[in-house]
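# Coordinates in review
The primary structure of each chain is shown beneath.
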Amino acid sequence: MGIFDFLKKKKDKAEPNVNSGNVESGVNQDRINEDDSKPDIFDDMSRKTFYRNEAAYRHQQIVLPRYKSETGVPLGDILTKLFPEVVSKIDSVTVLHTVQVNEVETKHLHITNAESALAYDIFWNISFKNEEDGNIYPVTGSNITFIIRTKGENVPPYIVLFARGMAIGFEEVYIRITLMIPAKVGKDDLRTSKSNSVPTMTSFLIACDKKDNPKQFEEYEEAEERVMSCIKNGVRLRDDIDAELYFGLGEFQPFSHFYGYGKYLYKNKRYDDASAILMRGINAMISQQDDINNDFYEACRILARCLMHHNHYESAGYFYSLAYSGGVVSDDEYENFWVAIADSRSIDLLCANLVKKHGEDFDKWPQESKERYNKVYNLYKNNCDEDKERSDKVAFYSDLGLGFVLMRLLNIEESKIGGMNVITPDGIVSSIVDKEQIRNERLYKYLIPGTTIVLSYSRAYYATGDKDDQSILCHASSIIIYVDFANEAEKLVRVNIMIPNFTNDDDKHDMSKTNDPISISFIMSSVDDPKLVGEDNLDTIYDYANNCVRQNRFYEAHMAYLFIYKKLSVKRLTLTDEEKQLFYRSAYCVGFCYEELQNHEKALFYLDMANNAGLDTYEQEFINALVNSRDPRALSVIKDAKKKKYNVDLNSEAFQTRNAFLNRREAYVLIDLEKYDEAETLLKEMLNNPMSKEFAEGELKYVEQMKQQRS
């Protein structure tokens, strides 16, 4: 049985519905002490850690048999269980072992003997035995990346396997394995979103016992049976130790946990920690949209402030707009945010609010409102002037440094990168430790198929040197970039980026999904265009961007469109009509590229601006991004768009096309929210429009199937 069988198979034992919402995880004080006579194996903290990790291990999608510390965890054993067809066809394995505390230490091996490669022990390279007390401890900050290359047919040409210790208790060790496996397709489809050529990137835990201790597993199994009974009968869990097991079943915690913890971290100036925790909570709530409340919008507001601390203004803008829509952000605070980033939405918002209150005649506004407008206008203008002065000195370079890639796509600043290791296709490893050099390192140098870049990654203050952010939670992971073939004739490569999880539930945003790493995959040209080095003609840059889009090179295209947008945004108050059109078009194009790159937050930042132009094309892409991101505003925006009055014939093809689009999007959202009756009514109306009839017929069948399952 191979990895794809693991990913497709259903577990023999039915999984508990830990997302049902009918189980209270609070402590039942009447029952806490009922088992006081039973001796404890661990103290409460150790038992909680054990229960949570053991539950996560037993109830994940890929479950490998337990290992023993005396035999270790050989690489070959994992490969044999997951990729039996690969083991006999291994050509070479490059092993990169990094240890990061404050600085990064690196060692590497290139193994061409298959037997030696398969015997490499993971366990004893991320943990050690203390000779004085005999206990096994983790090697702090230890990560191992394996680049496994194969030869022969019917096997993946490479596998990237990443291992890091997740939890080490008194009796057991849990190790998270993260995998990048190339797609089982021949010719690359050259797409980014909805591509069949993106590698599978997934993760799972393996368990390794330091010694036999049947009693701890007997206790665990009793606890799991007790928790399952509570889930089945909808009764309160016994205590907070059982609650940890409950959360471990889905590697997940409720929104209230993330929200409360995130607020605590924010108050203690741990902005990166708060961002990570709040993001999980927000995504958890979005997956259960019926429960969205003021706490959700307040979480968005706090997250926006955390993101602004690290100058992630696009993502901050998205979450501020969500918070504003929920009524937890005042007009003043919202305007001040847009002023601070020199964005014209500050003026647009202020004008709209004041016109709504006092009418369009400025002379008739109260003096207080006039002064407020002039203050915001002058602040915005001054910020624009400062930005324009800097912008005038900047020309376009189609090949920007690696730091730009990380910041634009992943919101990762250079301070969080501790070192860079480049592994060539033949296993030669070179290292760079200077952060400024890493930031400026030209990505084009490494766009050779088979090349792997491994970046040491930490968000902890003692590694980043950030004196204003005291974060400590997310430390010592890696960012793995693998360059694959795409189209040799056109010199196109596929860049696959994977960030293995920091913690157990790090990237688990929905109980129904697997705990997969953050990842992105996109197409790039492997050669630079020398004509665009130092270019400042916007028409030339725009043509270059359009050509990139034709080749589905959305990352390179977005860089060019973004350059145009920034050049024009700082002149927003003095743009000609022609420049305004280009400004809105560049905003739309940046948003479109981000949406293709599956970065919905940044896409919506720009598409929201483009939507102000009043063009159907821009509006439709804005709505698509709202729907694709499961934004809580999607349904209301669609309904408002349907109410919009147009001076066109209601029977015209243009109007019917737009109306059919809006109906399809509304039906999709209603079905996603499981509002099947409303969706059914709308879909039956859509049967009368030839443009949406086929869609409606298919969705009506699906809705009927879902309603039958529910009943």
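Above: the structure in question.
Presented here is an overview of the structure given in this document. (Residues numbered from 1 in each chain as written. Predicted model: local features only at pLDDT ≥ 70, side-chain atom pairs only at ≥ 80, totals over all residues. Heavy atoms only, no water.)

Before going further, it helps to examine the overall build of the chain. Within the chain, the secondary structure is distributed over 26 helices and 17 strands. In terms of overall size, the chain behaves like a compact globule, its C-alpha atoms giving a radius of gyration of 27 Å where 711 residues would be expected to give roughly 27 Å. Taken along the three principal axes of its C-alpha coordinates, the chain extends 80 × 65 × 55 Å. For the chain, with 711 residues in total, the buried portion stands at 54%. Taking the contacts inside the chain whose residues are at least 6 apart along the sequence as the reference set, 66% of them involve residues at least 24 apart. For the chain, the computed accessible surface area is about 32,400 Å², with 47% contributed by carbon and sulfur atoms. Averaging the coordinates of the 88 positive side-chain charges in the chain and doing the same for the 114 negative ones gives two points 2 Å apart. (Helix = DSSP H or I, 4+ residues; strand = E, 2+ residues; numbered from the N terminus. Rg over C-alpha atoms; globule rule 2.2 N^0.38 Å. Buried < 20%, exposed > 50% of the residue type's maximum accessible area, 1.4 Å probe, protein only. Contact = heavy atoms within 4.5 Å. Areas by Shrake-Rupley, 256 points an atom, 1.4 Å probe, with all protein chains shown as cover. Lys, Arg positive; Asp, Glu negative; His and termini not counted. Charge placed at Lys NZ, Arg CZ, Asp CG, Glu CD.)

Within the element layout of this structure, Asp121 appears in the loop between helix H4 (114-119) and helix H5 (123-126). An unpaired buried charge is present at Asp121: no salt bridge exists, and Lys107, the closest side chain of opposite charge, is 11 Å distant. A distance of 3.4 Å separates the side chain of Asp121 from the backbone nitrogen of Phe123, its partner in a polar contact. Among residues more than four places away in sequence, those in contact with Asp121 are Thr71, Gly72, Val73 and Pro74. (Salt bridge = Lys/Arg side-chain N within 4 Å of Asp/Glu carboxyl O. Polar contact = N/O pair within 3.5 Å; in protein donor to acceptor, adjacent residues only side chain to side chain.)

Sheet architecture is open: six strands sit in the order E12-E11-E13-E14-E15-E16, paired in antiparallel fashion. The open sheet terminates on both sides in strands that have one partner only, identified here as strand E12 (429-432) and strand E16 (518-525). Strand-to-strand twist of the sheet, defined as the mean angle between neighbouring strand axes without regard to direction, takes the value 20°. In terms of strand pairing, strand E13 (residues 452-457) meets strand E14 (residues 477-487) through six bridges, oriented antiparallel. Within E14, the position partnered with Thr452 by the bridge is Tyr482. In the packing of helix H15 (residues 402-410) onto the sheet, the strands contacted are strand E11 (417-423), E13, E14, strand E15 (492-499) and E16, and the crossing angle to E16 comes to about 125°. (Pairing = 2+ DSSP bridges. Axes fitted to C-alpha atoms, helices over the stretch in contact; angles between N-to-C directions.)

Within the largest apolar cluster, 127 residues are counted, with the highest numbers of intra-cluster contacts made by Phe296, Leu455 and Ile479. The biggest single contributor to this core is helix H19 (residues 554-569), with eleven residues. When neighbours within four sequence positions are excluded, Leu455 is seen to be in contact with Leu402, Leu406, Ile417, Gly419, Met420, Ile438, Ser477, Ser478, Ile479 and Ile481. (Core = buried A, V, L, I, M, F, W, Y, C linked by side-chain atoms within 4.5 Å.)

The backbone of Asn311 shows a phi angle near 65°, a positive value even though the residue is not glycine. With a relative accessible area of 55%, Asn311 lands in the exposed category. Although it is not a glycine, Ala342 adopts a positive phi angle of roughly 55°. Mapped onto the elements of the fold, Ala342 is located in the loop between helix H12 (331-340) and helix H13 (345-358).

That is the geometry; function is a separate question.
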